[in-house]
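Residue strings, one per chain:
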Amino acid sequence: MPRPRAARGRAGRGHDAPVDEGDPDLVSGVVVVDVGVGNLHSVQRALQAALGEGVVITRSDDAARVRDADAVVFPGQGAFGDCALALHRHGAALTRALADHLAADRPYLGICLGLQVLFEGSEEAPGRAGLGILPGEVLRLRGGTDAAGERVKIPHMGWNTARVQGEGARFLPDGGWFYFVHSFAVRPRDPAVVAAVTDHGEEFCSAVARGRMLGVQFHPEKSQREGLALIARWARETGVTT
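Remember, it's a predicted structure, so these values are computed and weren't measured experimentally.

**A short note on the overall build of the protein chain**
Broken down by element type, the protein chain carries 6 helices and 12 strands. Taking the contacts inside the protein chain whose residues are at least 6 apart along the sequence as the reference set, 70% of them involve residues at least 24 apart. Accessible surface computed for the protein chain: about 10700 Å², of which carbon and sulfur atoms make up 48%.

Written out as structure tokens, the structure reads:
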């Protein structure tokens, strides 16, 4: 099966740019968390394409808006330490807002770093705490060899498949092709949250799911039809759309 080409997107804005693009009186709908480390423009476009014009999507780093959102999407690209530092600014208000949102089992979609920060910490940034929603840590990919015996490259960059496990069947097609860009992967201590695994010289967890929370290591916004289908399915399964 030929691998599709990656969708191109503009880089996310820096943290100093204004990040709240919605009606200041609106505290519902889908909020895309903006801490300056995500490809926000392409994520927001993919969300709108998958969910339709009837769903209000805004970008914000405001803790109150995140806490009260009907659904939260947390994209992230870059270093775990930078993301963790941004979450703990301003007395960790955003950290508490995300924890409250997740504790209430409101819909959450974490992409790349938005998956990794659900865990306690990362080998990439010792001493920087994640949200600690899920027990486990984020470890560097070790590399290894592929099925043909060739040494794989790190970072893992390009198209690969995700084999569904457990709760993953609610959200992902088994064996779907998705676009990856990463050097680290989550290692949950609870195997029940593993929703998909992927091979890249070793098997690693490429998605987690629990209740209405889904986190994926790959980038749905770069994964064309499969990515949009995943977003739409997550929204239906979690009640964001009907």
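**Description of helix 1 (residues 40–51)**
The terminal C-alpha atoms of helix 1, which comprises 12 residues, lie 16 Å apart, in line with the 16 Å expected from a rise of 1.5 Å per residue. Buried residues dominate helix 1, accounting for 9 of its 12 residues. Where helix 1 is concerned, the buried positions are Leu40, His41, Ser42, Val43, Gln44, Ala46, Leu47, Gln48 and Leu51. On its buried face, helix 1 is in contact with strand 1 (30–33), strand 2 (57–60), strand 3 (71–76), strand 4 (108–112) and helix 6 (224–238).

**Quick look at the pattern of salt bridges**
A side chain of one charge can pair with a side chain of the opposite charge when the charged atoms of the two come close. Across all of its chains, the model carries 7 salt bridges by this definition. Taking the shortest distance from any N to any O, the salt bridge between Arg163 and Asp199 comes out at 2.7 Å. In this pair, Arg163 is assigned in strand 7 (residues 156–164) and Asp199 in strand 10 (residues 194–199), connecting sequence segments 36 residues apart. Residues Arg170 and Glu237 are paired through a salt bridge, measuring 3.8 Å at the closest nitrogen-oxygen approach. Of this pair, Arg170 sits in the loop between strand 7 and strand 8 (176–182) while Glu237 sits in helix 6; the two residues are 67 residues apart in sequence, bridging distant segments of the chain. By relative accessible area, which is 40% here, Glu237 ends up partly exposed. Connected through shared salt-bridge partners, Arg163, Asp199 and Glu203 make up one network.

**Brief notes about the packing of helix 3 (residues 80–87) against helix 4 (residues 89–103)**
In contact at an axis separation of 6 Å, helix 3 and helix 4 are set at 100 degrees when each is read in the N-to-C sense. Classified by the interaxial angle, the pair formed by helix 3 and helix 4 is roughly perpendicular. Two secondary-structure elements touch here, helix 3 through Leu85, Ala86 and Leu87 and helix 4 through Arg89, Ala92, Leu94, Thr95 and Leu98.

**Points about the nonpolar core**
Ranked by size, the top nonpolar core spans 37 residues in total, and within it Val35, Phe74, Leu87, Leu98, Tyr108, Leu118 and Val208 carry the most contacts. If one sorts the elements of this core by residue count, helix 3 sits on top with 5 residues. Other than its neighbours up to four places away in sequence, Tyr108 contacts Val72, Phe74, Leu98, Leu102, Gly114, Val117, Leu118, Arg212, Met213, Leu214 and Trp234. One finds Val32, Leu109, Phe204 and Ile231 within the second-largest nonpolar core, a separate group that totals 33 residues.

**Considering the side chain of Glu202**
For Glu202, the position within the fold is in the loop between strand 10 and strand 11 (203–210). Glu202 has contacts with Leu141, Arg142 and Gly143, leaving out every residue within four places of it along the chain.

Conventions used here
- Residues numbered from 1 in each chain as written.
- Predicted model: local features only at pLDDT ≥ 70, side-chain atom pairs only at ≥ 80, totals over all residues.
- Heavy atoms only, no water.
- Helix = DSSP H or I, 4+ residues; strand = E, 2+ residues; numbered from the N terminus.
- Contact = heavy atoms within 4.5 Å.
- Areas by Shrake-Rupley, 256 points an atom, 1.4 Å probe, with all protein chains shown as cover.
- Expected span 1.5 Å × (residues − 1).
- Buried < 20%, exposed > 50% of the residue type's maximum accessible area, 1.4 Å probe, protein only.
- Salt bridge = Lys/Arg side-chain N within 4 Å of Asp/Glu carboxyl O.
- Axes fitted to C-alpha atoms, helices over the stretch in contact; angles between N-to-C directions.
- Parallel < 35°, antiparallel > 145°, perpendicular 65-115°, else oblique.
- Core = buried A, V, L, I, M, F, W, Y, C linked by side-chain atoms within 4.5 Å.

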